[in-house]
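Working through the structure, step by step
Listed here are the chains, written in short residue letters.
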Amino acid sequence: MGIKEKIDLERLPKHIAIIMDGNGRWAKQKGKMRIFGHQNGVRAVRETTEAAAEIGVKYLTLYAFSTENWNRPRLEINALMELLVGTISKEKKTLNENNIRLQAIGDLQSLPKKCYNELLNAIDETSTNNRMTLVLALSYSSRWELAEATRKIALDVAQKKILPEQINEETINNYLTTYGMPEPELLIRTSGEHRISNFLLWQIAYAELYFTSKLWPDFGKEDLYEAIVDYQQRERRFGMVSEQLK
Ligand code: FPP
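Residues numbered from 1 in each chain as written. Predicted model: local features only at pLDDT ≥ 70, side-chain atom pairs only at ≥ 80, totals over all residues. Heavy atoms only, no water.

1. Brief notes about the overall build of the chain
Looking only at helices and strands, the chain features 8 helices and 6 strands. Mapped in sequence order, the helices and strands of the chain form the string β-α-α-β-α-β-α-β-α-α-β-β-α-α. Expressed as a percentage of the 246 residues in the chain, the buried residues total 47%. Put simply, 78% of the contacts in the chain that link residues at least 6 apart link residues at least 24 apart. Working note: accessible area of the chain is about 13100 Å², and carbon and sulfur atoms make up 51% of it. (Helix = DSSP H or I, 4+ residues; strand = E, 2+ residues; numbered from the N terminus. Buried < 20%, exposed > 50% of the residue type's maximum accessible area, 1.4 Å probe, protein only. Contact = heavy atoms within 4.5 Å. Areas by Shrake-Rupley, 256 points an atom, 1.4 Å probe, with all protein chains shown as cover.)

Here it is as structure tokens:
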């Protein structure tokens, strides 16, 4: 039995989030420039998206560029942005053919104009697709998102649109960039690092964490399926005891 057949389709995580890591090390191992790793990372993005859609995952969120990534050498940032623009415009057709909707979270205004426009265009042109939503986290960091949400809530309180005593967990959910999306139930990080790196801190409160030593460009369909099988073998208790779940 292949790994795919081991998946219980009735208990799929609705939302999988991935910290794609290890492109630079992958390229270095091959004696190439870091951007070569990112270019090969695109293949893994394509394969993982296809694999997730194929089995029926509803949301796939990929950490493609963090707020902190702006501190990388200019040359790498420029090359990454070019790669993003190129990939988004090239893959738009495939997204539509596969009924996949594109969305993005993060400080999108801070992206180069060309990248921002291409992204908005792809989001718009795939907006009616409903098989799966692919969410790109771009210029995203969780602390940035939480600060933004807090500022917006404070503004609405000042304008008397909401009362302080009405603020609860749902209010906060409604002000996050992930508004309307189910919480990720499985978070995957590649490359052997065991960190969250400022990614979806609020949203992953109850997510199962899965770490693999594979570098992102080597990650493929089977790896995603393996992570899902591992997830399905875990007992998710949400603060309760085992017996209560039976
Ligand atoms: C982390 O590897 C990867 C990134 C910062 C960029 C991810 C981008 C892509 C896979 C390409 C385009 C993506 C889309 C969605 C079209 P790293 O550079 O931190 O690797 P290292 O830790 O080995 O240095």
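2. Considering the pairing of strand S6 (residues 208-211)
Here S6 shows a clear split, with Glu208 and Tyr210 buried on one side and none of Leu209 and Phe211 buried on the other. Sheet topology note: the strand S5 (residues 186-189)/S6 ladder contains 4 bridges and is parallel. Each residue of the ladder has a partner; that of Leu186, found in S6, is Glu208. (Pairing = 2+ DSSP bridges.)

3. Quick look at the confidence of the model for the chain
The predicted model of the chain averages 97 in pLDDT, with 100% of residues at 70 or higher. Within the chain, strand S1 (residues 15-19) carries the highest mean pLDDT (99), whereas helix H8 (residues 242-245) carries the lowest (80). (pLDDT = per-residue confidence, 0-100.)

4. Quick word on the pairing of S5
Neither face of S5 is left uncovered, since the one carrying Leu186 and Ile188 and the one carrying Leu187 and Arg189 both have all their residues buried. Relative to S5, S1 runs parallel, the two sharing 4 bridges. Its bridge partner lying in S5, Ile16 is registered against Leu186.

5. So, unusual backbone geometry
If you check the backbone angles, Asn99 has positive phi at about 60 degrees while not being a glycine. Its location among the elements puts Asn99 in the loop between helix H3 (74-97) and strand S3 (100-105). According to the relative accessible area criterion, Asn99 is partly exposed, its value standing at 28%. A positive phi angle, near 50 degrees, is found at Ser197, a position not held by glycine. By secondary structure assignment, the location of Ser197 is in the loop between S5 and S6.

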